[in-house]
Amino acid sequence: MADRVRMWRWHRSALRRRCDVVEGVVLMVLSVLLVAGPVLLGVLAFSSTWHTGVRQEQTRHSTPAVVVDDARAAAPSPAVRPSNGETTATVRWHDTNGTEHTQTVRLDHGGEPGEQVTLWLDQHGSPTQAPPSPAARGVQSSAAGLLAAGGAGAAVLLTRHLARERFERGHDRYWGREWMEVEPRWARRYHS
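Keep in mind it's a predicted model, so treat the numbers as computed, not measured.

Cut-offs and rules
Residues numbered from 1 in each chain as written. Predicted model: local features only at pLDDT ≥ 70, side-chain atom pairs only at ≥ 80, totals over all residues. Heavy atoms only, no water. Core = buried A, V, L, I, M, F, W, Y, C linked by side-chain atoms within 4.5 Å. Buried < 20%, exposed > 50% of the residue type's maximum accessible area, 1.4 Å probe, protein only. Helix = DSSP H or I, 4+ residues; strand = E, 2+ residues; numbered from the N terminus. Pairing = 2+ DSSP bridges. Expected span 1.5 Å × (residues − 1). Patch = residues over 30% accessible without salt bridge, like charges linked within 9 Å, V, L, I, M, F, W, Y side chains within 5 Å. Areas by Shrake-Rupley, 256 points an atom, 1.4 Å probe, with all protein chains shown as cover. Salt bridge = Lys/Arg side-chain N within 4 Å of Asp/Glu carboxyl O. Phe/Tyr/Trp six-rings, centres within 6.5 Å; stacked < 30°, edge-to-face > 60°. Lys NZ or Arg CZ within 6 Å of the ring centre and 35° of its normal.

Looking at the nonpolar core
Step number 1: A65, V67, A89, V91, W93, V105, L107, V117, L119 and L121 form the largest nonpolar core, which has ten residues in total.
Step number 2: Contributing elements (two or more residues each) for this core: β1 (61–69), β2 (87–94), β3 (100–107) and β4 (116–121).

Now the structure itself:
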């Protein structure tokens, strides 16, 4: 019996209205999206972020560099200097062809003139950040997947809520019109 009550929108009935069928279809589609959408988007975001980290690991390489000048010492005031331990320094390195390069870069630590540091280069030989470690890549990918899934779930829930509100307002208007037709006859019958 309970199955028949839940599926009443799909059976032929004199009480079934077109708006009930539309409401049933819309809410069913949104319910399916609520289950499948966040999972699918979460997996896609995780996979995309993971593969971006792998691609960075494959296209970046480290090379030894020597600090030539401490650019942090030339900063006009301590307020301009980063407080997280990063330093800015001019470094010199040699590429695979033996060509010498000098550039001001951001370093995670160190920065004293003459100090040897590890510099990360992209596929074009330009200084860049180190690729994320496998653990950091896992955390970044998981966070991206969870945020995408949560955002998709919230968006579908909000859409479902707004759709239900809209359908309820339509039902109230329909009921109001019906009551305007029935109420005068009903009132005469009981107030005479």
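Continuing now.
Some words on the sheet that holds strand β5 (residues 127–128)
Step number 1: In space, the five strands of this open sheet follow the order β3-β2-β1-β4-β5, with antiparallel pairing throughout. The two strands at the open ends of the sheet, each matched to only one other strand, are β3 and β5.
Step number 2: Two elements, β2 and β3, share eight bridges in a ladder whose sense is antiparallel. For W93, the partnering residue across the bridge sits in β3 and is H101.

Topic: helix α2 (residues 18–59)
Because each turn of an α-helix spans 3.6 residues, side chains separated by three or four positions end up pointing in the same direction.
Step number 1: End to end, α2 covers 58 Å across 42 residues, agreeing with the expected 62 Å (1.5 Å per residue, within 8%).
Step number 2: Listed as buried for α2 are D20, E23, G24, L27, L30, G37, P38, G42, A45 and G53.

A look at a nonpolar patch on the surface
Step number 1: Among the surface-exposed residues, W175, W179, V182 and W186 lie close enough to one another that they form a single nonpolar patch of about 430 Å² accessible area.
Step number 2: Structurally, the position occupied by V182 is in helix α3 (residues 134–191).
Step number 3: Looking at V182, the relative accessible area reads 34%, which means it is partly exposed.

A short note on the packing of aromatic side chains
Step number 1: Enumeration according to the criterion identifies two aromatic pairs in this entry.
Step number 2: Measuring from ring centre to ring centre gives 5.9 Å for W175 and W179, while their planes differ by 0°; the resulting arrangement is stacked. Placement of the pair is W175 and W179 together in helix α3, with a separation of four residues, close to one helical turn.
Step number 3: In this structure W179 comes out as partly exposed when scored by relative accessible area, which is 34%.
Step number 4: Over the face of the ring belonging to W50 we find R137, whose NZ or CZ atom lies 4.5 Å from the ring centre.

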